[in-house]
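One letter stands for each residue in the lines below.
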Amino acid sequence: MQDATFLQDLGIILLAAALFSALARPARIPSIVAFILAGLALGPVGGILTVSDAVHLASEVGIALLLFLVGLELSVAKVKDLGRLAFSAGGAQVGLTAATVLGLSLLMGFSLGDAVFLGIALSFSSTVVVVKLLAQKGELDAAHGRASVGILLVQDLVVIVVLTFVAGLGRGGELELATVLRGLGTAFAGMALLVGVAAAASRWLLPNLFHWISRGSAEALFIWALAWCFILIEGAEWLSLSLEMGAFLAGMTLAQLPYSHDMRRRVEPLMNFFVAVFFVVLGVQIDLAAVGAVWVPALAFATLTLVGKPLLFAWLLPRLGLSPLAGVRTGLTLAQSSEFSFILAALALSTGLIQDELVALISLVGLITMGISSYFILFSEKLGPRWIGLLRRVPGYLPKRTKGDEGPESSGTDGSHPQDLSGHIIVVGMNSLGRRLAKELTQRGEEVMALDSDSRKLAGLPCRTLLGNAEHLSVMDEAGLDRARMLVSALHIEETNNLLTYRARIRGIPVSIHAFDTGVVRELEALGATHLMVARDLGAERLLSAVQEHGALQP
């Protein structure tokens, strides 16, 4: 009978989730908001469903799979590729938002403990909402899309530390200093042990094991990936850590394997199923009486999130190398609280750190900000220039105006694909050689697009700039490779130079490559490089003259 009741409850949950998501689709309301509204209809409003232990367990599986999927996105290469912009902007935003919410909470009469928790919980943005809507618009590879995803991944790393911190605080019961320190020490020691085991497995066990498994069926690879996920979840539980910590580490260790993309593709539908259950269950558990008591602070925090985050990113990101328009669009994209806010609230409630009223407050802020910010994302190409126009009226708020930085014909870092950009020269790698080339070519009247993955190296150049990794085809498409007059690489990276040479030659575009070592010359010649910049030609004048001799440029 208990199994039948569980299946009946699960059926009701899925039916309500399907109905509300269908009703929300014409209004473009995010699915997370629709699921929570479905839960409100089933629980506090309709009294149709109460949450059993079995249903609650199913909802926790959804969160475990969500963190597992987040971990699968974080290969070592991707973490390195996040760069200074994502880490600087993500860290600064979390810190400043948390401090602002903390101050506002204290002014509104919250206790110090509740104010600190609110500051942390409301500082993150929604990975699920942002990634799904950017993918829907085809803007994941745009400049503001890449910046948003990078910042979200940095936030996800912070979330894991916060989850461990909350688990440690909740371990000791009363918040006495000795008890808190003991709980935190035990939690972070357990975290260090689990990370060490996961890292060792990633280095010596998982590559050979999954290589052997991959020789069988793809289904076996999927099952073993889930098995590894639940092994680390059990390890986290044994160490009294949160299950989210184990799931995240499981995903991150598997992200280093060549099969990670296939694993993500197979896990995502299962994750979507259980995540829907989690958010419906969350809606069922919301206390409407508590919501009625916190609607005023909820509106205040929602307004701060919807306005404050875009303003912060609009000020910060252009100073890290992104164009003003891309900075504003990134801020509009991240103007919501996160699904992790709900997870943190649920964990803190279960450990006795917060009360139901705070859960209701965080849930209401999430509903408001996710709903409204979805329209920010969907219409950011129209809203962005309007925000730029308003912010230009504030002296010193935005960097000094550059040609066209308010529209799609700007520096290229705004995520657009300017159709008038043709016959230009793409210079990749803003080391000393690349910067000299970009400046000299611009002075000679050439249209130049400078490309680098480090925003600091792009600063101060007199030409269009693009922040990105030249190995990514989407970045080269954004730089207008198909319409370029020439491609020049000043990089000292052999594999990237080979790839750029190949891509340019199959498009019939002249390519000049920095042959920084005699050992790379033969392979570059075989790939069809038009011109090689050898060590003795590092002088910009001699180099440009040599390139002109090959007919790529006009003297």
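Everything here concerns the structure above.
Anyway, here's the lowdown on the structure attached to this text. No experiment lies behind these values; they were computed from the predicted model shown.

1. Quick notes on the overall build of the protein
Part 1 of the argument: Secondary structure assignment for the protein yields 22 helices and 6 strands.
Part 2 of the argument: Here the contacts in the protein between residues at least 6 apart in sequence split such that 73% fall between residues at least 24 apart.
Part 3 of the argument: In the form shown here, the protein has an accessible surface area of approximately 23,700 Å², with 62% of it arising from carbon and sulfur atoms.

2. Looking at the packing of helix 2 (residues 31-45) against helix 15 (residues 356-378)
Part 1 of the argument: Look at helix 2 against helix 15: their axes get within 9 Å of each other, and the N-to-C directions meet at 140 degrees. When the interaxial angle is binned, helix 2 and helix 15 end up oblique. Here helix 2 and helix 15 pass one another in a crossing that is left-handed. Taking contact as the criterion, the partners of I32, V33, I36 and L40 in helix 2 are, on helix 15, L367, M370 and G371.
Part 2 of the argument: Split by residue class, the contact of helix 2 with helix 15 holds 6 nonpolar, 1 polar and no charged.

3. Notes on the pattern of salt bridges
Part 1 of the argument: The full count for this structure, using the stated rule, is 5 salt bridges.
Part 2 of the argument: Across the pair E381 and R329 runs a salt bridge whose closest N-O atoms are separated by 3.8 Å. Taken as a pair, E381 in helix 16 (residues 380-391) and R329 in helix 13 (residues 324-333) lie far apart in primary sequence, 52 residues in all.
Part 3 of the argument: By relative accessible area, E381 is classed as partly exposed at 37%.

4. Overview of the sheet that holds strand 5 (residues 511-514)
Hydrogen bonds along the backbone pair up the strands of a sheet, which may run parallel or antiparallel.
Part 1 of the argument: Ordered by their spatial adjacency, 6 strands build an open sheet running 3-2-1-4-5-6, and the pairing between neighbours is parallel. Only two strands of the sheet have a single partner each, and these edge strands are strand 3 (464-467) and strand 6 (531-533). On average, each strand axis in the sheet is inclined to that of its neighbour by 20 degrees, with strand direction left out of account.
Part 2 of the argument: In this sheet, strand 5 lies alongside strand 4 (residues 486-489) in parallel orientation, the contact comprising 3 bridges. From the neighbouring strand, L487 faces strand 5, where its bridge partner is V511.
Part 3 of the argument: Helix 17 (residues 432-443) contacts strand 1 (425-428), strand 2 (448-452), strand 4, strand 5 and strand 6 of the sheet and is inclined by roughly 160 degrees relative to strand 1.

5. Some details on the packing of aromatic side chains
Part 1 of the argument: Across all of its chains, the model carries 4 aromatic pairs by this definition.
Part 2 of the argument: Seen in terms of ring centroids, F273 and F274 are 4.8 Å apart; in terms of plane orientation they differ by 85 degrees. Their pairing is edge-to-face.
Part 3 of the argument: Here the aromatic cluster, defined as three or more aromatic residues joined through ring pairs, consists of F278, F279 and F342.

6. Comments concerning helix 17
Part 1 of the argument: For helix 17, spanning 12 residues, the distance from its first C-alpha to its last is 17 Å, which sits close to the expected 16 Å at 1.5 Å a residue.
Part 2 of the argument: Positive phi appears at G445, one or two residues downstream of helix 17, with a value of about 90 degrees.

7. Quick notes on the side chain of T97
Part 1 of the argument: Secondary-structure assignment places T97 in helix 4 (residues 76-107).
Part 2 of the argument: Exposure remark for T97: the relative accessible area of 11% places this residue in the buried category.
Part 3 of the argument: Once residues within four sequence positions are removed from consideration, T97 is found in contact with L122, S123, K309 and L312.

8. A closer look at a negative patch on the surface
Part 1 of the argument: A cluster of acidic side chains, namely E471, E494, E495 and E523, defines a negative patch on the protein surface.
Part 2 of the argument: Following the sequence through the fold, E523 ends up in helix 21 (residues 521-527).
Part 3 of the argument: With a relative accessible area of 38%, E523 lands in the partly exposed category.

9. Structural notes on the packing of helix 3 (residues 53-72) against helix 10 (residues 243-254)
Part 1 of the argument: Closest axis-to-axis distance for the helix 3/helix 10 pair is 6 Å, and the angle between their directions is 35 degrees. Crossing of helix 3 against helix 10: the hand is right-handed. The residues of helix 10 that touch helix 3, namely those facing E60, I63, A64, L67, F68, V70, G71 and L72, are L243, E244, A247, F248, A250, G251, M252 and L254.

10. A short note on the pairing of strand 2
Part 1 of the argument: With 5 of 5 residues buried, strand 2 is to be regarded as a mostly interior element.
Part 2 of the argument: Neither face of strand 2 is left uncovered, since the one carrying V448, A450 and D452 and the one carrying M449 and L451 both have all their residues buried.
Part 3 of the argument: Alignment of strand 1 against strand 2, held across 4 bridges, turns out to be parallel. Looking across to strand 2, one finds that I426 is bridged to M449.
Part 4 of the argument: For the handedness criterion, the β-α-β arrangement of strand 1, helix 17 and strand 2 is classed as right-handed.

11. Examining the pairing of strand 1
Part 1 of the argument: Along strand 1, one buried face is formed by I425 and V427 and the opposite face, lined by I426 and V428, is buried too.
Part 2 of the argument: Across 4 bridges, the pairing between strand 1 and strand 4 is parallel. Its bridge partner lying in strand 4, V428 is registered against S489.

12. Some thoughts on helix 14 (residues 339-350)
Part 1 of the argument: Over its 12 residues, helix 14 runs 17 Å from end to end, which matches the ideal 16 Å to within 8%, given 1.5 Å per residue.
Part 2 of the argument: Counting buried positions along helix 14 gives 9 out of 12 residues, so the element sits mostly inside the fold.
Part 3 of the argument: Three or more residues of helix 14 are buried, namely E339, F340, S341, F342, I343, L344, A345, L347 and A348.
Part 4 of the argument: Taking the backbone nitrogen of F340 as reference, a side-chain oxygen 2.9 Å away marks S338 as the first, capping residue of helix 14.
Part 5 of the argument: One or two residues past the end of helix 14 sits G352, with phi positive at roughly 80 degrees.

The rules behind each value
- Residues numbered from 1 in each chain as written.
- Predicted model: local features only at pLDDT ≥ 70, side-chain atom pairs only at ≥ 80, totals over all residues.
- Heavy atoms only, no water.
- Helix = DSSP H or I, 4+ residues; strand = E, 2+ residues; numbered from the N terminus.
- Contact = heavy atoms within 4.5 Å.
- Areas by Shrake-Rupley, 256 points an atom, 1.4 Å probe, with all protein chains shown as cover.
- Axes fitted to C-alpha atoms, helices over the stretch in contact; angles between N-to-C directions.
- Parallel < 35°, antiparallel > 145°, perpendicular 65-115°, else oblique.
- Left-handed = near helix turned anticlockwise from the far one by under 90°.
- Nonpolar A, V, L, I, M, F, W, Y, C, P; charged D, E, K, R; others polar.
- Salt bridge = Lys/Arg side-chain N within 4 Å of Asp/Glu carboxyl O.
- Buried < 20%, exposed > 50% of the residue type's maximum accessible area, 1.4 Å probe, protein only.
- Pairing = 2+ DSSP bridges.
- Phe/Tyr/Trp six-rings, centres within 6.5 Å; stacked < 30°, edge-to-face > 60°.
- Expected span 1.5 Å × (residues − 1).
- Patch = residues over 30% accessible without salt bridge, like charges linked within 9 Å, V, L, I, M, F, W, Y side chains within 5 Å.
- Lys, Arg positive; Asp, Glu negative; His and termini not counted.
- Charge placed at Lys NZ, Arg CZ, Asp CG, Glu CD.
- Right-handed = clockwise from strand over helix to strand, strands pointing away.
- Polar contact = N/O pair within 3.5 Å; in protein donor to acceptor, adjacent residues only side chain to side chain.

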